[in-house]
Amino acid sequence: LPNDDLDFQLVWLKMLEDKKGEEPTLSDFAAYWLKYLRAYPPDEYGFCLRNLERGLRPPVSGCFENSCIDNMGSPIRSEIWACIAPADPQLAASLALKDALLDHAGGEGVYGEMFWAAVESAAFVVSDPLTLIQIGLSMIPISCHISRVIREALWCYENGKSWAETRERVAVYFSNPMRSGPPYQWVHGYAHSCLAVPNHGFTVIGWLYGKDFGDRLCKAVNCGYDTDCTGATLGSVLGIIEGVRNIPEKWRKPVGETITLHKFTGDCNAPKTLKELTERTERIAAKIIQDKSDVVNFGEKTVIPKDVLSLLFRNEKARKALSSYDIHSAVETVKDLEITFHYNGEPVLYPGIERQIEVTLRKEEEKITEAEVELKVPAGWKLKREDNFKFKIYSEKIEAKNKIGIDIKLGGKDYSAEFIMLGPEESKGLGTDERVPTCPRCGARKEACICGYEKPTI
């Protein structure tokens, strides 16, 4: 059946193929989201699109006026990164981070996608659940709630708690990531059920307590909450470990072999069958592994070294990636230069209040310390240079959307980028229970109606 959880990954496959296996930038993710996924209205998807179409760019597009950064939208699309970086979990986790920043920056959804991408990548060469879970945990902060809930499920399993007891502990202690201790009040509603933290605990519970493929899926799903995500993620892990031949026919047959796109997904030359999806993913994986991995090579047969666990637990790339992005910033990649515009807070300038902003530059992941940087601000604004990369801006009058241009001279090359600073009129905020407007007929985002009832805007 068509579903967003797969379709987003099919769009990322299209992006990787168009780039011929070159590692995607945050700018690439934003461009492909706007081109192929702009009709999706739910929760973090809708908030991300709202920000992207206002001119904001990731990572700030993922966290500004977005009450769903702790949801499951990004963890459910982890498999593509594992499958193009098999047996290199920190590479998979680093790629998953970029994906998650689009709509979950600063939230638990980021850590969830990194965790599962690492687990699934390592599952190509390791099958023990406890080892795989520890590999995934090594890629994310030990203090994050995703880490804490998974460790709670592990503790319960290793200390003889029953499946039902463990499920209850996860539901009671981790249903609200904004609080640090029990008791939690259960709040009915779709948004609450999609919180990433408890759902990660439920997926691990099904994996550890289940007796076979079907029992594991049923135990995860019967924990409740975001059941399509928990069941799908666990099914993906088990599929990588055991192979399709070890998935019982009664589970495979109803799913079938063909792929049908969701009505909100644009024409992205998606694979028509699972076989085609596998073959295309494998071709991209060979290119990514050749260019980006220092631990894996593609060959005629699988050879696993004796120190495989030491290689799988390496996390320096994942840790570096986590520290590379300021969520209060926007990133644009121009040619070979990554330009980051630091808002130093929300992407809003208020009348009569001076704001310090900053620019950082990176080329091939290395920070640039010497370059000529010039800013262009709207007419009537005051601009004061603090140093070569820091500026102060001020204005008594702020429009709803304001363009700030950046011109850079570096190594004999010229680079230009443009970033958006919002004014108070465009940043009135949203209530936690508010969502983006949708077309009453087709259900798409109002601005991207697919049935013609609402006139789409660009």
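Here, the structure is the one placed above.
Residues numbered from 1 in each chain as written. Predicted model: local features only at pLDDT ≥ 70, side-chain atom pairs only at ≥ 80, totals over all residues. Heavy atoms only, no water.

Draft legend 1. Focus on the sheet that holds strand β8 (residues 401-410). Read from one edge of the open sheet, 3 strands run β5-β8-β9, paired in antiparallel fashion. Only two strands of the sheet have a single neighbouring strand rather than two, namely β5 (372-376) and β9 (413-422). Here the average twist between neighbouring strands, direction ignored, is 20 degrees. Taken together, the 5 bridges between β5 and β8 define a ladder with antiparallel strand orientation. Directly across from Val373, in β8, lies its bridge partner Ile408. (Pairing = 2+ DSSP bridges. Helix = DSSP H or I, 4+ residues; strand = E, 2+ residues; numbered from the N terminus. Axes fitted to C-alpha atoms, helices over the stretch in contact; angles between N-to-C directions.)

Draft legend 2. Up close: the pattern of salt bridges. Tallied over the entire structure, the rule returns 37 salt bridges. A salt bridge links Asp28 to Lys19; its shortest N-O distance comes to 2.9 Å. We classify Asp28 as buried; its relative accessible area is 16%. Residue Lys19 is classed as buried on the basis of its relative accessible area, which comes to 17%. Its salt-bridge partner being Lys413, residue Asp336 comes within 3.7 Å of it at the nearest N-O pair. With a gap of 77 residues between them, Asp336 in the loop between β1 (329-334) and β2 (337-342) and Lys413 in strand β9 connect regions that are remote in the sequence. Note on Lys413: relative accessible area 41%, which makes it partly exposed. Connected via shared salt-bridge partners are Arg38, Glu53, Arg445 and Glu447. (Salt bridge = Lys/Arg side-chain N within 4 Å of Asp/Glu carboxyl O. Buried < 20%, exposed > 50% of the residue type's maximum accessible area, 1.4 Å probe, protein only.)

Draft legend 3. Quick look at the state of the cysteines. Scanning the entire structure with this criterion turns up 0 disulfides. No disulfide involves Cys229; its sulfur sits 6.5 Å from that of Cys194, the nearest cysteine. (Disulfide = S-S within 2.5 Å.)

Draft legend 4. Structural view of helix α8 (residues 129-137). Among the residues making up α8, those that are buried are Thr131, Leu132, Ile133, Ile135, Gly136 and Leu137. On its buried face, α8 is in contact with α6 (89-104), α7 (108-122), α9 (145-158), α12 (196-209), α14 (227-242) and α17 (308-312). (Contact = heavy atoms within 4.5 Å.)

Draft legend 5. Just the packing of α8 against α12, in detail. Packing of α8 against α12 brings their axes to within 10 Å, and their N-to-C directions diverge by 155 degrees. With respect to their mutual orientation, α8 and α12 come out roughly antiparallel. Of the residues in α12, those in contact with Pro129, Leu130, Leu132 and Ile133 of α8 are Val204, Trp207 and Leu208. The residue inventory of the contact of α8 with α12, partitioned by class, reads 7 nonpolar, no polar and no charged. (Parallel < 35°, antiparallel > 145°, perpendicular 65-115°, else oblique. Nonpolar A, V, L, I, M, F, W, Y, C, P; charged D, E, K, R; others polar.)

Draft legend 6. Molecular detail of the side chain of Glu152. By the secondary structure assignment, Glu152 is in helix α9. Residue classification places Glu152 among the buried positions, given a relative accessible area of 16%. Beyond its immediate stretch of four places on either side in the chain, Glu152 contacts Arg169, Tyr173 and Phe174.

Draft legend 7. Broad picture of the packing of aromatic side chains. Under the defined criterion, the tally for this structure stands at 18 aromatic pairs. Ring centres of Trp116 and Trp207 lie 6.5 Å apart, and the angle between their planes is 40 degrees; this geometry places the pair in the tilted category. With Trp116 in helix α7 and Trp207 in helix α12, the pair connects residues that are 91 residues apart, well separated along the chain. Trp116 sits in the buried class, given a relative accessible area of 1%. By relative accessible area, Trp207 is classed as buried at 3%. On the numbers, 5.2 Å between centres and 15 degrees between planes, the contact of Phe341 with Phe419 is stacked. (Phe/Tyr/Trp six-rings, centres within 6.5 Å; stacked < 30°, edge-to-face > 60°.)

Draft legend 8. Region of interest: α7. The end-to-end C-alpha distance of α7, which contains 15 residues, comes to 21 Å, matching closely the 21 Å that a straight helix rising 1.5 Å per residue would cover. For α7, the tally of buried residues reaches 15 of 15 residues, placing the bulk of the element in the interior. (Expected span 1.5 Å × (residues − 1).)

Draft legend 9. Structural context of the side chain of Gln9. Relative to the helices and strands, Gln9 is located in helix α1 (residues 4-18). Leave out the neighbours within four places in its chain, and Gln9 touches Ile76, Arg77, Ser78, Glu79 and Ile80.

Draft legend 10. Representation of unusual backbone geometry in the model. Cis geometry marks the peptide bond from Pro58 to Pro59, where omega comes out at 5 degrees. On the secondary structure map, Pro59 appears in the loop between α3 (43-53) and α4 (60-63). Of note in the backbone geometry, Asn344 takes a positive phi value of approximately 55 degrees without being a glycine. Mapped onto the elements of the fold, Asn344 is located in the loop between β2 and β3 (355-363). The exposure class assigned to Asn344 is partly exposed, which follows from its relative accessible area of 40%. In the Ramachandran plot, Glu364 falls in the positive-phi region, its phi being about 55 degrees despite a non-glycine side chain. Mapped onto the fold, Glu364 is located in the loop between β3 and β4 (366-368). By relative accessible area, Glu364 is classed as exposed at 73%.

Draft legend 11. Layout of the environment of Ser324. Here Ser324 lies in helix α18 (residues 316-324). In this structure, the C-alpha to C-alpha distance between Ser324 and Glu365, residues 41 residues apart in sequence, is 8.8 Å. Here Lys320 takes part through its backbone oxygen, which lies 2.6 Å from a polar atom of the side chain of Ser324. (Polar contact = N/O pair within 3.5 Å; in protein donor to acceptor, adjacent residues only side chain to side chain.)

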